[in-house]
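Chain by chain, the residues run as shown.
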Amino acid sequence: MARPLALAMAAFLLWLVSSTQHPEGNATLPAAAAMKRACVPGEDEPLRLCIPAIGLEAELKPARVVGSRLDASGMRGDHPVLVSPAAHPQLGRPGAVGVALILGHRQWRARPLVFAQLDRLARGDSVVVTGGGVSLIHGVTGQVEIDPRRIWEVVEETGRQARREGASILILMTCAPYGANWRRLLVFAACRGVEEDALARGGDHSRPQ
C-alpha cells in the first residue's frame, strides 16, 4: 500500500470500532487450537515476527492509540505492526488467550514490502513471534479476503472463538488484491506452543514446552 494509505487505514480502523457493520456475508473462520500454556512477552519487550515459508523476519513495531488515533507509523519503515489492545476491546497481545492483530504493507508502487507474499501461506506454515526470552510458535489455519467494513466483525468473532477454546490467535492483515486496496487479506494462525530461547535457559538448545 502507498504511504498515504497507512494513515487512511488507521483512521478507518478506528472509525469502524464505533460504526454499524454491514456484513457482506459470513466468512468461514479457521478453527482455533487450545494452548498447553499461555506465555505473554511483556509490553516493553521488543518483538520479532518470523514466517519462514515466505522468508520474512522483521522487527514487530507497536501501533499504539494516541488520543483517538492509531499510530501505525512503524509501517512506513516496511515493518509489520502489532495493534495495541487499546484499539479494540477484543484485542490482546501475542501469547494471551484471545486474538492479536498484526498489520503490514504489501507493496509501495512497484516495490514489494513486508507482507507482499502473505497470500502464499498455507495451512500448517509456521508464524513465530519472539520476545522476552520465548518464541511463540503458531501454525497457519487458513485465510480469507473480506470487505474492509468487516474487519472488526471478524476480529470480534475470532476473539470470542479463541476465548471459548482457550486459544491464542494471530490475525495477519494486508491489502488485497496485490496492487490495490479495496479488500483485506486476513491470515489466521493459532499458537501451538512455546519455546524458550537458549540464553534464557542458560545456553541449552531450545525445546518445545
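Parameters and conventions
Residues numbered from 1 in each chain as written. Predicted model: local features only at pLDDT ≥ 70, side-chain atom pairs only at ≥ 80, totals over all residues. Heavy atoms only, no water. Helix = DSSP H or I, 4+ residues; strand = E, 2+ residues; numbered from the N terminus. Buried < 20%, exposed > 50% of the residue type's maximum accessible area, 1.4 Å probe, protein only. Contact = heavy atoms within 4.5 Å. Areas by Shrake-Rupley, 256 points an atom, 1.4 Å probe, with all protein chains shown as cover. Core = buried A, V, L, I, M, F, W, Y, C linked by side-chain atoms within 4.5 Å. pLDDT = per-residue confidence, 0-100. Polar contact = N/O pair within 3.5 Å; in protein donor to acceptor, adjacent residues only side chain to side chain. 1 Å grid on protein atoms, 1.4 Å probe; cavity = no way out; pocket = protein on both sides within 12 Å on 5 of 7 lines; lining within 4 Å. Points joined across faces, edges and corners; volume = space filled by probe spheres on them. Salt bridge = Lys/Arg side-chain N within 4 Å of Asp/Glu carboxyl O. Pairing = 2+ DSSP bridges.

### Remarks on the overall build of the protein chain
Consideration 1: On a plain count of helices and strands, the protein chain comes out with two helices and eleven strands.
Consideration 2: Along the protein chain, helices and strands appear, N-terminal first, in the series α-β-β-β-β-β-β-β-β-β-α-β-β.
Consideration 3: Residue burial in the protein chain is summarised as follows: out of 209 residues, 50% are buried.
Consideration 4: In the protein chain, once contacts between residues fewer than 6 apart in sequence are set aside, the share between residues at least 24 apart is 66%.
Consideration 5: As displayed, the protein chain offers around 9900 Å² of accessible surface, 50% of which is attributable to carbon and sulfur atoms.

### Things to note about the nonpolar core
Consideration 1: Counting residues in hydrophobic clusters, the biggest one holds 28 residues, and the most contacted among them are Leu49, Ile51, Leu56, Ile102, Phe115, Val127 and Leu172.
Consideration 2: Mapped by element, the contributors of at least two residues to this core are strand E1 (47-51), strand E2 (56-66), strand E5 (98-103), strand E8 (126-131), strand E9 (134-146), strand E10 (168-176) and strand E11 (183-196).
Consideration 3: With five residues, the single largest contributor to this core is E11.
Consideration 4: In contact with Ile102, not counting residues within four places along its chain, are Leu49, Leu60, Pro80, Val81, Leu82, Phe115, Leu170, Ile171, Leu172 and Met173.
Consideration 5: Judged by nonpolar contacts, the second largest core, of 21 residues, contains Ala63, Leu101, Ile146 and Ile171.

### Quick word on the confidence of the model for the protein chain
Consideration 1: Per-residue confidence for the protein chain gives a mean pLDDT of 79, with 76% of residues at or over 70.
Consideration 2: The spread of mean pLDDT over the elements of the protein chain runs between helix H1 (residues 3-17), the lowest at 41, and E1, the highest at 96.
Consideration 3: Predicted confidence is poor over residues 199-209, with pLDDT under 50, and the contacts of this stretch with residues over four places away or in other chains come to 17 contacts.

### What about the environment of Ser168?
Consideration 1: With respect to the helices and strands, Ser168 occurs in strand E10.
Consideration 2: Residues Ser168 and Ala189, 21 residues apart in the sequence, show an inter-C-alpha distance of 8.6 Å.
Consideration 3: Polar contacts involving the side chain of Ser168 include one to the main-chain amide nitrogen of Gly95, which spans 3.2 Å.
Consideration 4: Side-chain polar atoms of Ser168 contact the backbone oxygen of Ala96, separated by 2.9 Å.

### A look at the side chain of Thr174
Consideration 1: Tracing the backbone through its elements, the reader meets Thr174 in strand E10.
Consideration 2: Residue Thr174 is classed as buried on the basis of its relative accessible area, which comes to 0%.
Consideration 3: Only 2.7 Å separates the side chain of Thr174 from the backbone oxygen of Gly104, close enough to count as a polar contact.

### What about the environment of Val155?
Consideration 1: The topology assignment puts Val155 in helix H2 (residues 151-165).
Consideration 2: Contacts of Val155, omitting those with residues within four sequence positions, involve Gln90, Leu91, Val99 and Ile171.

### Considering the layout of surface pockets
Consideration 1: Empty space within the largest pocket amounts to approximately 340 Å³.
Consideration 2: If you go around the largest pocket, you meet 17 residues; those closest to its centre are Glu43, Pro62, Arg64, Leu82 and Arg93.
Consideration 3: Listed by contribution, the elements that provide at least two residues to the lining of the largest pocket are E2 and strand E4 (81-83).
Consideration 4: In terms of residues, the lining of the largest pocket owes the most to one element, E2, which gives six residues.

### Here's the deal with the pattern of salt bridges
Consideration 1: Per the stated rule, a full pass over the model turns up six salt bridges.
Consideration 2: The shortest N-O distance in the salt bridge between Glu57 and Arg48 comes to 3.8 Å.
Consideration 3: By relative accessible area, Arg48 is classed as partly exposed at 37%.
Consideration 4: For Arg150, the salt bridge goes to Glu153, with nearest N and O atoms at 2.6 Å. The burial state of Arg150 is the same as that of Glu153; both residues are buried.

### Quick notes on the pairing of E11
Consideration 1: Burial within E11 is extensive, with ten of its 14 residues counted as buried.
Consideration 2: Judged from the twelve bridges that link them, E9 and E11 form a sheet pairing that is antiparallel. By the bridge assignment, Ser135 is partnered in E11 with Glu195.
Consideration 3: Where E10 lies against E11, eight bridges are found, and the strand directions are antiparallel. By the bridge assignment, Leu172 is partnered in E11 with Val187.
Consideration 4: Where E10 folds back on E11, the antiparallel hairpin that results is connected by six residues, among which Gly179 adopts a positive phi of roughly 90 degrees.

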